[in-house]
Amino acid sequence: MRKIFLLFIVFYACSNESQQYIHYESFPQEKSLKGDIINLSQDLFCAFPSQIELYDSIVLILDRESPNRAVHKLSYPDFNWIGSLGEKGKGDKEYIYLTKMGIKETELYLLDPVSSKFLVYDMNVNDIYPKRVEKFSSMSSSLLSATVIDDSIIVSSDINSKKFLLFQSYSGKLLDSVLVKEKTKKKDRELTAASLYDLKLSYNNEDFLAAATKSGEVIYIYNTKTKEGNCIVGPNGFPDYGRTDDGHILLGKVEGFMDIKIYGDHIYSIFSGKSAIEAMISDSIGGKYIYVFDKLGTPVIKYKLDKEIFSFCVDVSRNILYGLDPNSENFIVRYKL
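Conventions used here
- Numbering of residues begins from 1 in every chain and follows the order in which that chain's sequence is written.
- Residue-level local features of this predicted model are given only where pLDDT is at least 70; pairs of side-chain atoms are given and counted only at 80 or more, and the full residue set underlies all totals for whole chains, interfaces and linings.
- Just so you know, side-chain values use all the structure's heavy atoms and leave hydrogens and water out.
- Numbering of helices and strands runs from the N terminus; a helix is a DSSP stretch of H or I covering at least four residues, while a strand is a stretch of E covering at least two.
- The rule is simple: take the accessible area with a 1.4 Å probe, protein chains only, and divide by the maximum for that residue type; under 20% is buried, over 50% is exposed, in between is partly exposed.
- For salt bridges, the criterion is a side-chain nitrogen of Lys or Arg within 4 Å of an Asp or Glu carboxyl oxygen.
- Patch definition: residues above 30% relative accessible area lacking any salt bridge, with like charges linked at up to 9 Å and the nonpolar side chains Val, Leu, Ile, Met, Phe, Trp and Tyr linked at up to 5 Å.
- In short, Shrake-Rupley with a 1.4 Å probe defines the accessible areas, and a residue's cover is counted only from the protein chains shown.
- Aromatic pairing here means that ring centres of Phe, Tyr or Trp (its six-membered ring) are within 6.5 Å. Orientation follows from the plane angle: under 30 degrees is stacked, over 60 is edge-to-face, and everything else is tilted.
- To sit over a ring, a charge needs its Lys NZ or Arg CZ within 6 Å of the ring centre and within 35 degrees of the ring normal.
- For this analysis, a polar contact is any N or O atom pair within 3.5 Å, provided that within protein one partner can donate a hydrogen and the other can accept it, and provided that sequence-adjacent residues contribute only side-chain to side-chain pairs.
- Throughout, a contact is declared for two residues whenever any of their heavy atoms are within 4.5 Å.

The chain is annotated in an unreviewed UniProt entry as 6-bladed beta-propeller from Butyricimonas faecalis.

Participant: Would you mind going over unusual backbone geometry with me for this structure?
Facilitator: Excluding glycine, most residues fall at negative phi; most peptide bonds, likewise, are trans. Geometrically, the link from Y76 to P77 is a cis peptide bond, its omega value of 15 degrees lying close to zero. Here P77 lies in the loop between β7 (71-75) and β8 (81-85). Even without a glycine there, the phi angle at F79 is positive, about 60 degrees. On the secondary structure map, F79 appears in the loop between β7 and β8. Even without glycine at this site, N319 takes up a positive phi of about 60 degrees. Inspection of the secondary structure puts N319 in the loop between β29 (311-315) and β30 (320-324). Residue N319 is classed as partly exposed on the basis of its relative accessible area of 33%.

Participant: Help me understand the pattern of salt bridges, please; the structure alone is not making it clear to me.
Facilitator: Opposite charge on two side chains allows them to pair when their charged atoms are near. In the structure shown here, the tally under the stated rule is 13 salt bridges. For K225, the salt bridge identified is with D207, shortest N-O distance 3.6 Å. Taken together, the positions of K225 in the loop between β21 (218-223) and β22 (228-233) and D207 in the loop between β19 (200-203) and β20 (208-212) put the pair 18 residues apart, joining distant regions of the chain. A salt bridge links E255 to K214, with the nearest nitrogen and oxygen atoms 3.7 Å apart. Remark: K214 occurs in the loop between β20 and β21 and E255 occurs in the loop between β24 (249-250) and β25 (257-263); sequence separation between them is 41 residues. A residue is classified by how much of its surface remains accessible, and E255, at 15% relative accessible area, is buried. A single salt-bridge network, built from bridges that share partners, covers E107, K131, R132 and E134.

Participant: Explanation requested: a nonpolar patch on the surface in the structure shown.
Facilitator: A cluster of nonpolar residues, I277, M280 and I281, forms a patch on the protein surface that exposes about 330 Å² of accessible area. Position of M280 relative to the elements: it lies in helix α1 (residues 276-281). On the basis of relative accessible area, M280 is assigned to the exposed category, the value being 57%.

Participant: Please clarify how the packing of aromatic side chains should be interpreted in this entry.
Facilitator: Within a pair of aromatic rings, the relevant descriptors are the distance that separates the centres and the angle that separates the planes. Scanning the model with the defined rule gives 18 aromatic pairs in all. Residues F27 and F293 carry aromatic rings whose centres are separated by 5.6 Å and whose planes lie at 55 degrees to one another, so their mutual orientation is tilted. Taken together, the positions of F27 in the loop between β2 (17-24) and β3 (30-33) and F293 in strand β27 (residues 287-294) put the pair 266 residues apart, joining distant regions of the chain. Between Y291 and F293 the ring centres are 6.4 Å apart and the planes differ by 80 degrees, which places this aromatic pair in the edge-to-face class. Each member of the pair, Y291 together with F293, is buried. Among the aromatic side chains, those forming a connected cluster through ring pairs are Y24, F27, F257, F271, Y291 and F293. Residue placement shows K261 over the ring face of F312; its charged tip is 5.0 Å from the ring centre. Residue placement shows K295 over the ring face of F208; its charged tip is 3.9 Å from the ring centre.

Participant: What's the story with the environment of E30 in this structure? I'm lost.
Facilitator: Summarising the element assignment, E30 is placed in strand β3. E30 gets classed as partly exposed once you look at its relative accessible area, which sits at 40%. Each C-alpha atom of the pair E30 and K304 lies 7.6 Å from the other, and the pair is 274 residues apart in sequence.

Participant: I tried to follow the side chain of D63 on my own but got confused; where do I start?
Facilitator: Mapped onto the secondary structure, D63 falls in strand β6 (residues 58-63). From its side chain, D63 meets the backbone nitrogen of A47 in a polar contact 2.9 Å long. Ignoring sequence-local partners within four residues, the contact set of D63 consists of F45, C46, A47, F48, P49, A70 and H72.

Okay, structure coming up:
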């Protein structure tokens, strides 16, 4: 029996963008999936596989806690280990700490927020060191994530900012910002970025940007050209502070989204839904739910996985999702959608 699908739309406008609030309570379709474990080379070691990307016949794995080379290249679809790139150190072409991968056309961008730079690689060349380094003056002392929009704009999240998204030039000039206000029965208040710790970002190189909150259940879809945004709010609502029994403050009451990706006309995301306390004491990390929305923010389908994953990529042509399970040595799981 098909579940009842509820969707509420509220319109709201502010000075620098038009926003549409979409509140959902359920999905029109739900499906459970069982994954197949990909057997990987025993020579491939990952301390913490935190991001996976698919580019033509290459799969990229970011190991955020790697003691040396942090990005591993595998052939696709057979998943043979090709080699690893990125050299840890304090040199110009080396990294101190990598937090994010991004693919723009034929180039791979690796973000080192500590050094305020992107290491840029040619996807079609196997080289340990980048072909160039793009340094920027960060507006933030607490930069968590950044995505390149074009040759002069970086969009970033900042836990100390009162803005949801910041658009800045490489020189550090503020070009634009997006402010999202929480829509509740209470008096409207700014959605402070401190409660959006580790905001997940995805840009599809066609003016569409998606941002997902690490706590609560909020996804924001933004058109960088028209400056129109859809704010998608689920049953767990906006991020909110919580407290433990002994009075310690939690960043959020509910663990939210782990990763988000835009593929064609759809937005895919991993959702956890664990309470903050449950997430803190759990022996595993990740989420078991894949939420799919269209580009307007309308819920399409909810998948329930048999394993917790932290990041994912989708082979749209084969209709296959690959998830990263950091709780297992063979950390890539294949799901047929």
